[in-house]
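Observations on the three-dimensional arrangement
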Amino acid sequence: MAGLLRRGAVACPVSLVGAPVKLGSVTPGACDRAPNVVRAAMKRMGTYDVETGQEIDVPIRDASDLDVAALSPAAAFEPVREAVRAMAETSDLAIVLGGNNAITRPGVHGLGDLSAVGLITLDAHFDMRDTSEGLTNGNPVQALLDDGMPGANIAQIGLAPFANAQYMHDAARAAGNAIYTMADVRRRGIADILNKELDALTARCDRIYVDFDIDVIERGLAPGAPGARPGGLTTLEFFTAARIAGAHPKVAAVDLAEFDPSLDVSDVTALVAARWVADLLAGFTARKR
Ligand SMILES: [Mn+2]
């Protein structure tokens, strides 16, 4: 699959950039290494999709990595936003490889005026820690609300018990975010929830950003994420979500956040991340453009 990556100023329907923001992590680690580990794992993925009987033949413009590994989330805001803005202008789907979850705020801003942008998070966490002491990987959603994003433009899927505080839940409800816990996902299914929220945001928004925080996955199935806990999504649910997001015409950008290769075991999380890219592309192949 790495053969799909193109360097240089070529026009491609999909673009990709590494955003190795690591400062401001609540749990410090090495998530800045993730973009290159994902690229390397893509070499181990084939391009034939047995689920659809199709060859995945979508060239990806690889804009390389942004020079943000030594920057705070505040300092990384502009380069990440500008990268997403430029990619969204020249391609139909921008893939941002984090880095920690602080990349999501600038990524969403890269899609334009917040009143017309939708955000779906697949995340064990609300990411609504208080912002008064600065930006971290624990508060991008709160920061977007602070920036004026309407809560009605935000859907949060996969929230885990015993991993969030009540004040975040209260704030998310007060803002009008759509909220789905892990038990909701078990009950209703990831596809039904995601399709419903994509439909709802399609009516309100010009473009949609989907944040895939890899810690939403069951820790035993993707150990390379400091915030992952037992009781998360299965990898197949995560891939299903990627396929649905990739296929949706209003999904203009996605990110993969919180993958820390230093915590990985037997390349499990690296291969999850690489297949996430493949499923995005499989979905994109089915997109009606
Ligand atoms: Mn997160």
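Scroll up for the structure.
Conventions we followed
Residues numbered from 1 in each chain as written. Predicted model: local features only at pLDDT ≥ 70, side-chain atom pairs only at ≥ 80, totals over all residues. Heavy atoms only, no water. Donors = N, O, S within 2.8 Å, 3.2 Å for Na, K, Ca; no water. Helix = DSSP H or I, 4+ residues; strand = E, 2+ residues; numbered from the N terminus. Buried < 20%, exposed > 50% of the residue type's maximum accessible area, 1.4 Å probe, protein only. Pairing = 2+ DSSP bridges. Right-handed = clockwise from strand over helix to strand, strands pointing away.

1. Details of the coordination of the manganese ion
Coordination sphere of the manganese ion, protein contribution only: Asn101 (OD1), Asp123 (OD), Asp127 (OD) and Asp213 (OD), at 2.0 to 2.4 Å. Here the donor residues of the manganese ion share one chain and are spaced in sequence as N-x21-D-x3-D-x85-D. Taken together, the residues span a long stretch of sequence, with Asn101 in the loop between strand S6 (93-98) and helix H3 (104-109) and Asp127 in the loop between strand S7 (117-122) and helix H4 (140-146) at a distance of 26 residues. Summarising the burial analysis for this pair, Asn101 and Asp127 share the class buried.

2. Considerations on the pairing of S7
Of all the six residues making up S7, six are buried; the element is thus mostly covered by neighbouring parts of the structure. As judged from the six bridges shared by S7 and strand S10 (residues 207-213), these two strands associate in the parallel manner. What sits directly across from Leu119, in S10, is Tyr209. Strand direction decides the pairing type here: S7 and strand S8 (residues 154-159), joined by four bridges, are parallel. Paired with Ile120 across the strands is Ala155, a residue of S8. Of the crossover connections in this fold, the one passing from S7 over H4 to the parallel S8 is right-handed.

3. Re unusual backbone geometry
As a rule of thumb, non-glycine residues mostly have phi less than zero, and peptide bonds are mostly trans rather than cis. Across the junction of Gly98 and Gly99, the peptide omega takes the value 10°, indicating a cis bond. As for its position among the elements, Gly99 is in the loop between S6 and H3. The backbone phi angle of Glu258 is positive, close to 80°, even though this residue is not glycine. Within the fold, Glu258 resides in the loop between strand S11 (251-257) and helix H9 (268-286). Phi is positive for Asp267, close to 60°, though the residue is something other than glycine. In this structure, Asp267 sits in the loop between S11 and H9.

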